[in-house]
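This is what each chain is made of:
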Amino acid sequence: GEVVFYDGAYPLRGLVKSRDEAVESLTQLPGLADIEAGLTAYAEALGKNPWLDRFPLSLSAVVPLDGGTRVVDGLGNTLPISPKFQQNWQLMAVSGGRAVSIFGEWDGLAWLPLGVVADGRFVGF
């Protein structure tokens, strides 16, 4: 399908312009390789739009830790998961202690997971 974005310094809002007839299941999420790259992308977005309150952040290989209250990347960097997130144990179970791809919203303080891909399977929160 095709998505078109509203104009803006850092366009995030969009509309679906067209949809493909064939729907494939989501078995992989595109994402940044590590947390530092994610925070750099967030800083660049803030430079373009200082009023940005949430940033879409997708990380391709992080491991949930401490009962799903934070994640760690392959470099040992950690990112806290938002206290608003209520599916911590589901996230831990889906990951099985392995690296997974997670998409969520970063607010500058904590990350709110919205979906995860593990073993070729998508789970939405």
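About the cut-offs
Residues numbered from 1 in each chain as written. Predicted model: local features only at pLDDT ≥ 70, side-chain atom pairs only at ≥ 80, totals over all residues. Heavy atoms only, no water. Buried < 20%, exposed > 50% of the residue type's maximum accessible area, 1.4 Å probe, protein only. Helix = DSSP H or I, 4+ residues; strand = E, 2+ residues; numbered from the N terminus. Arc of directions from axis to C-beta. Contact = heavy atoms within 4.5 Å. Pairing = 2+ DSSP bridges. Axes fitted to C-alpha atoms, helices over the stretch in contact; angles between N-to-C directions. Salt bridge = Lys/Arg side-chain N within 4 Å of Asp/Glu carboxyl O. Polar contact = N/O pair within 3.5 Å; in protein donor to acceptor, adjacent residues only side chain to side chain.

A. A look at helix α2 (residues 88–95). Every buried residue of α2 is listed here: N88, L91, V94 and S95. One face of α2 carries all of its buried residues, which in axial projection span an arc of 130°. Residues of α2 that are exposed and angled more than 90 degrees away from the buried face: W89 and A93. Tucked into the core, α2 has its buried residues touching β3 (55–65), β6 (100–106), β7 (111–118) and β8 (121–124). G96, located one to two residues past α2, shows a positive phi value of around 60°.

B. Molecular detail of the sheet that holds β8. Spatial ordering of the open sheet is given by β5-β4-β3-β6-β7-β8, a layout of 6 strands whose pairing is antiparallel. The sheet terminates laterally at β5 (78–80) and β8, the two strands that pair on one side only. Across the sheet, the mean angle separating the axes of adjacent strands is 40° when strand polarity is ignored. In the sheet, strand β4 (residues 70–72) pairs with β5 via 3 bridges, with the strands oriented antiparallel. Of the residues in β5, the one forming a bridge with V72 is T78. Relative to the sheet, helix α1 (residues 35–48) contacts β3, β4, β5 and β6, its axis offset from that of β3 by approximately 160°.

C. Structural view of the pattern of salt bridges. With the rule as written, the count across this model stands at 3 salt bridges. One salt bridge connects R70 with D66, and the closest N-O pair in it is separated by 2.3 Å. The partner of D119 in a salt bridge is R98, with the nearest N and O atoms 2.6 Å apart. Taken as a pair, D119 in the loop between β7 and β8 and R98 in the loop between α2 and β6 lie far apart in primary sequence, 21 residues in all. For R98, a relative accessible area of 42% corresponds to the partly exposed category.

D. Representation of unusual backbone geometry in the model. A positive phi angle is found at D66, which is not glycine, with a value near 50°. Along the chain, the position of D66 falls in the loop between β3 and β4. With a phi angle near 55°, D119 is a residue other than glycine that sits in the positive phi range. Note on D119: relative accessible area 67%, which makes it exposed.

E. Region of the structure containing the side chain of S82. Take S82: it is sitting in the loop between β5 and α2. At a separation of 3.1 Å, a polar atom in the side chain of S82 contacts the main-chain amide nitrogen of K84. Aside from chain neighbours lying at most four places away, what touches S82 is A110, W111 and L112.

That's the geometry; what it means functionally is another story.
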